[in-house]
Amino acid sequence: MTAMRDDLFLDSAAALKAAREAVFSETLDRIFAYHPHYRQLFEQKGIGRRDIGGIDDLVRLPVTGKTDFVARPADFTLSLPAGFDAEERVVWDVMYTTGSTGDPTPFTSTSYDFINILALNRNMLRLRGVTDSDSILNLFPLTRHPHGAFARAMNAAAAFNIPIVAAMPGAPSARHPDLGSRMDAVCTLAGRSNATILWGVPSYIRKMLGRAEEMGVALPAVRLVFVTGEGFGEEARQDLVDRLKRLGAADPVISVSYGATEMQGGMVECRPGAGYHNPAPLQFLFEAVDPDSHAPVADGEEGLILLTHLDRRGTTMLRYALGDTARLTRDRCPHCGALTERLVSVPVRRDGFLKVRGMLINPQALADMLASEAGIADYQAIVDKQDEADALSMDRLRIRLLPRSDAGDDLAPRLADRVKSTIGVMPSIEIVAADDPAFADRGWKARPILDIRKKPE
Ligand SMILES: [Zn+2]
């Protein structure tokens, strides 16, 4: 590989700050002139470009919430006029995150941003210990709305110049039933691909390894497993290691990342337990603040995690609350030597959103959609595990449904499809009777979705 700008391993905090200020200054110039949301906000608050000299002045800006973004996502994209380089203005791709209503929220990247995304995904692989003799099996499914997981795994391999095979689990479209792979085909492919890295949703990988064992598929080449995981603890990590060893892998390492659409990548571990590293310190700046007062908290204290885009041209955010609290440190990593922010505790979600099978979903969006459906008399939505006794099994979204007497026979399949296109997760629909216990003693203030998953430790 050619020499790369070594943004992860700068000599000193001062050198990192200077490099950050240089790119951020250009971004701030554009935000003050061409960012619809912040222009309006700063005008209201009487904040001028001269008031914000750089990173140290960020604390003077209010926190941006997910609700601000999903209410008017287009207002978060810079509208740069002709005269700016085409690279900064051309839309390369749009990915989606969960929205406030039925419509997922678009996150736009220009060509300029896409080059940055390649660089940050390459850094993720570097931090995770990938070498040029590795190869990847992409186990993320295709989703109805473009989602970072599937696409950025492909892009990461491109940025690192290593081979990748996409397994495409599931059935992405009824129009092309031959596209996508069922579980047994994925297991066969895993054996045939000889990939050294498995990359996907942990509960799916676990299920796949279980089936591979039943089928007698060996995976001796696997040395790394990349998972994005909320609630992915030590027990789950050891379980994947044990399963892989039974399939012939010598010394597999599970590498956990904390991903977000707003990064188009994730904060990754350089080794288990080393904390989640900001993979691109010249693109992202992280802060931790008190969840209520929004005052900065000391390094190492639990705080609400804020993301600032230092170098973006499409969707661009300042002090954006990702929705989790965690402990943040700016100390150089004692393991890999990277000088960048790290989250040194598992992030805990605080904004009422849920992750189901790796997809972030908004319970209110589901409730609003179900409220608009005339054929429903009552319902209860539940997230649990496929195997109740097994905290590590796949997440399941169940909707227990009481139809109105005049609802057609097609209600359940039609509803399943609408739920899938609203929140990205296919539910199982169970028709129940009016006297079902699901509707008893839940009080008048029922939650839109009841999360009864056991958290693995
Ligand atoms: Zn490290």
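In case you missed it, the structure is sitting above this.
The numbering scheme is per chain: residues are counted from 1 as the chain's sequence reads. Restriction of local features to residues with pLDDT of at least 70 applies here, the model being predicted, together with a cutoff of 80 or more for giving and counting side-chain atom pairs; totals for whole chains, interfaces and linings are based on all residues. Derived side-chain values reflect all non-hydrogen atoms in the structure, with water molecules and hydrogen atoms excluded from consideration.

## Considering the coordination of the zinc ion
Argument step 1. At this site the zinc ion is bound by Cys-270 (SG), His-277 (NE2), Cys-333 (SG) and Cys-336 (SG), with donor distances of 2.1 to 2.3 Å.
Argument step 2. Of note is the zinc ion, whose 4 donor atoms meet at the metal with angles of 103 to 115° in an arrangement that counts as tetrahedral.
Argument step 3. Sites may look incomplete because water is not among the atoms; the donors themselves are N, O and S atoms within 2.8 Å of the metal, or within 3.2 Å for Na, K and Ca. Read in sequence order, the donor residues for the zinc ion give the motif C-x6-H-x55-C-x2-C.
Argument step 4. In this structure Cys-333 comes out as buried when scored by relative accessible area, which is 3%. For four-coordinate sites, all angles between 85 and 135 degrees define a tetrahedron; for four- and six-coordinate sites, opposite donors beyond 155 degrees with the remaining angles between 65 and 115 define square planar and octahedral shapes respectively, and all other cases count as irregular. Remark: exposure states derive from per-residue accessible area (1.4 Å probe, protein chains only) relative to the maximum for the residue type, with buried under 20%, exposed over 50%, and partly exposed in between.

## Here's the deal with the side chain of Asp-384
Argument step 1. Only DSSP runs of H or I with at least four residues qualify as helices, and only runs of E with at least two residues qualify as strands; both kinds are numbered from the N terminus onward. Secondary-structure assignment places Asp-384 in strand E17 (residues 376-385).
Argument step 2. Among the residues examined, Asp-384 registers a relative accessible area of 4% and is labelled buried.
Argument step 3. We define a polar contact as two N or O atoms separated by no more than 3.5 Å, with the added condition that, inside protein, one atom must be a possible hydrogen donor and the other a possible acceptor, whereas residues neighbouring each other in sequence contribute only through side-chain atom pairs. Side-chain polar atoms of Asp-384 contact the side chain of Arg-398, separated by 2.8 Å.
Argument step 4. Should any heavy atoms of two residues lie within 4.5 Å, those residues are counted as being in contact. Residues contacting Asp-384, with those up to four places away along its chain left out, are Met-394, Asp-395, Arg-396, Arg-398, Ile-452 and Arg-453.

## Some words on helix H1 (residues 13-34)
Argument step 1. The end-to-end C-alpha separation of H1 is 31 Å, in line with the 32 Å expected for 22 residues at 1.5 Å each.
Argument step 2. For H1, the full list of buried residues reads Leu-16, Arg-20, Glu-21, Val-23, Phe-24, Thr-27, Leu-28, Arg-30, Ile-31 and Phe-32.
Argument step 3. For H1, the elements touching its buried residues are helix H2 (36-45), helix H4 (86-89), strand E10 (284-289) and strand E11 (302-309). One fewer than the residue count of a helix, multiplied by 1.5 Å, yields its expected span.

## Digging into the packing of aromatic side chains
Argument step 1. The rule is short: rings of Phe, Tyr and Trp, with Trp giving its six-membered ring, pair when the centres are within 6.5 Å, and they are stacked under 30 degrees, edge-to-face over 60, tilted in between. Enumeration according to the criterion identifies 9 aromatic pairs in this entry.
Argument step 2. Aromatic side chains Tyr-38 and Phe-76 sit 5.7 Å apart centroid to centroid with 80° between the ring planes, which places their arrangement in the edge-to-face category. Here Phe-76 lies in the loop between helix H3 (66-71) and H4 and Tyr-38 lies in helix H2, a separation of 38 residues in the sequence.
Argument step 3. We call a charge positioned above a ring when the Lys NZ or Arg CZ atom is no farther than 6 Å from the ring centre and deviates by at most 35 degrees from the ring normal. Its guanidinium or amino end placed over the ring of Phe-353, Lys-66 lies 5.7 Å from that ring's centre, counting from NZ or CZ.

## A closer look at the packing of helix H10 (residues 363-371) against helix H11 (residues 411-423)
Argument step 1. Note on definitions: angles span 0 to 180 degrees between N-to-C directions of axes, and those axes are lines fitted to C-alpha atoms, for helices only across the stretch in contact. Taken N-terminus to C-terminus, the directions of H10 and H11 make an angle of 145°; their axes are 10 Å apart at the nearest point. Every pair of crossing elements has a handedness; the one defined by H10 and H11 is right-handed. Where H10 approaches H11, its residues Ala-365, Leu-366, Met-369 and Leu-370 are matched on the opposing element by Leu-415, Arg-418, Val-419, Thr-422 and Ile-423.
Argument step 2. Three categories are distinguished: nonpolar for Ala, Val, Leu, Ile, Met, Phe, Trp, Tyr, Cys and Pro, charged for Asp, Glu, Lys and Arg, and polar for the others, with Gly belonging to the last. Looking at the contact of H10 with H11, its residues break down into 7 nonpolar, 1 polar and 1 charged. The sense of a crossing depends on the near helix, which, turned anticlockwise from the far helix by less than a right angle, makes the crossing left-handed and, turned clockwise, makes it right-handed.

## As for H11
Argument step 1. In this model, H11 (13 residues) spans 18 Å end to end at C-alpha, consistent with the 18 Å of a helix rising 1.5 Å per residue.
Argument step 2. The complete set of buried residues in H11 reads Leu-411, Leu-415, Ala-416, Val-419, Thr-422 and Ile-423. On an axial view of H11, the arc spanned by its buried residues comes to 130°, and they lie on one face.
Argument step 3. Looking at the packing, one finds that the buried side of H11 touches strand E16 (359-361), H10, E17, strand E18 (395-403) and strand E19 (428-431).
Argument step 4. Just downstream of H11, Gly-424 is the residue with a positive phi angle, here 85°. Within this analysis, the arc is defined by the directions that extend from the helix axis to the C-beta atoms.

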